[in-house]
Amino acid sequence: SGINAEYGILRPLLDDLCQWLARILSIDIDAQNFTIPLQTGDDLCRLALAISKKASEMGMKCPVLKYKAGAKPGSFQARCNIEAFVKWAKALGVRETCLFETVDIVELKFLRNVLICLLEISKLADVYGVEPPELVKLEKSTKIGWQDLIKLSMKGASSGDVMSVADITRQVGAIQQAAQEEDGLERSSSIVLKWREFTRSSIKSRGDPSKILLEEEDVIVEEEEEEDAGPG
């Protein structure tokens, strides 16, 4: 579909973040209407307030913001709300390279940047007791970056499959089991070798999460070519 083509390897992340936003804000949001609840900036600011409130309940300090509800999409107030949210995200600790521009939402440009920013916010919010998205949980439990988990799952799935977060969780579980069964063997499958490569390097050492926006297609093609090549 058009959504799959637009988001590519980030489609599972889009679905996961939509579920996360729906749970926190009690709004109707999914991959099909992802941009609609965000265009006024109201729901983004409500997300910030929800995280700040949770931090306050836990006796922790967290940036706060002020905004005006009821803005219309594309209006000056909507831009102000979105800009306030981006400033809040930066104060929260989101890295400069993972922030998005106001125009990305107002004009529906570079929406992948919005996903990366929301992902980073969800990780930081976890510190304040806000339950994170499933991919973040999986990243924490495996110590493997979410982008690598998606790549591994796609490598183990049928070509052209649209991976859901549940699919990824199942695939990762199967790979973990295979890694345990092949532990100590002289030869291991390519997917288990890749799993071990990812587990040997820390999440931080694998670099800026925003870089996947530039490298994802090259990485997948490279992996497919390696697999097709077979034993030399």
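For the structure itself, look to the data block above.
Criteria and cut-off values
- Residues numbered from 1 in each chain as written.
- Predicted model: local features only at pLDDT ≥ 70, side-chain atom pairs only at ≥ 80, totals over all residues.
- Heavy atoms only, no water.
- Core = buried A, V, L, I, M, F, W, Y, C linked by side-chain atoms within 4.5 Å.
- Buried < 20%, exposed > 50% of the residue type's maximum accessible area, 1.4 Å probe, protein only.
- Helix = DSSP H or I, 4+ residues; strand = E, 2+ residues; numbered from the N terminus.
- Contact = heavy atoms within 4.5 Å.
- Patch = residues over 30% accessible without salt bridge, like charges linked within 9 Å, V, L, I, M, F, W, Y side chains within 5 Å.
- Areas by Shrake-Rupley, 256 points an atom, 1.4 Å probe, with all protein chains shown as cover.
- Salt bridge = Lys/Arg side-chain N within 4 Å of Asp/Glu carboxyl O.
- Axes fitted to C-alpha atoms, helices over the stretch in contact; angles between N-to-C directions.
- Parallel < 35°, antiparallel > 145°, perpendicular 65-115°, else oblique.
- Left-handed = near helix turned anticlockwise from the far one by under 90°.
- Nonpolar A, V, L, I, M, F, W, Y, C, P; charged D, E, K, R; others polar.

Visitor: I would appreciate a short explanation of the nonpolar core in the present structure.
Guide: Phe34, Ile51, Phe85, Trp88, Phe100, Leu118 and Ile121 are the most contacted members of the largest nonpolar core, which has 57 residues in total. Looking at this core, the elements with two or more residues in it are α2 (11–25), α3 (42–57), α4 (76–92), α5 (102–106), α6 (111–126), α7 (134–142), α8 (146–155) and α9 (165–181). Looking at this core element by element, the count peaks at nine residues for α6. Those residues in contact with Phe100 that lie beyond four places of it in its chain are Leu44, Ile82, Phe85, Val86, Ile105, Asn113, Val114 and Cys117. Leu152, Ile175, Ala178 and Val192 belong to the second-largest nonpolar core, a separate cluster that totals six residues.

Visitor: Explain a nonpolar patch on the surface to me, please; I cannot follow it from the model alone.
Guide: Taken together, the side chains of Met58, Met60 and Val127 define a hydrophobic patch exposed on the protein surface, amounting to about 260 Å² of accessible area. By secondary structure assignment, the location of Met60 is in the loop between α3 and α4.

Visitor: What's the story with the packing of α2 against α3 in this structure? I'm lost.
Guide: For any two helices packed against each other, one specifies the inter-axial angle together with the distance between the axes. At their nearest, the axes of α2 and α3 sit 10 Å apart, and the two run at 70° to each other. Looking at the two axes, α2 sits roughly perpendicular to α3. α3 is crossed by α2, and the crossing has left-handed handedness. Taking contact as the criterion, the partners of Trp20, Leu21, Ile24 and Leu25 in α2 are, on α3, Asp43, Arg46, Leu47 and Ala50. Tallied by class, residues from the contact of α2 with α3 come to six nonpolar, no polar and two charged.

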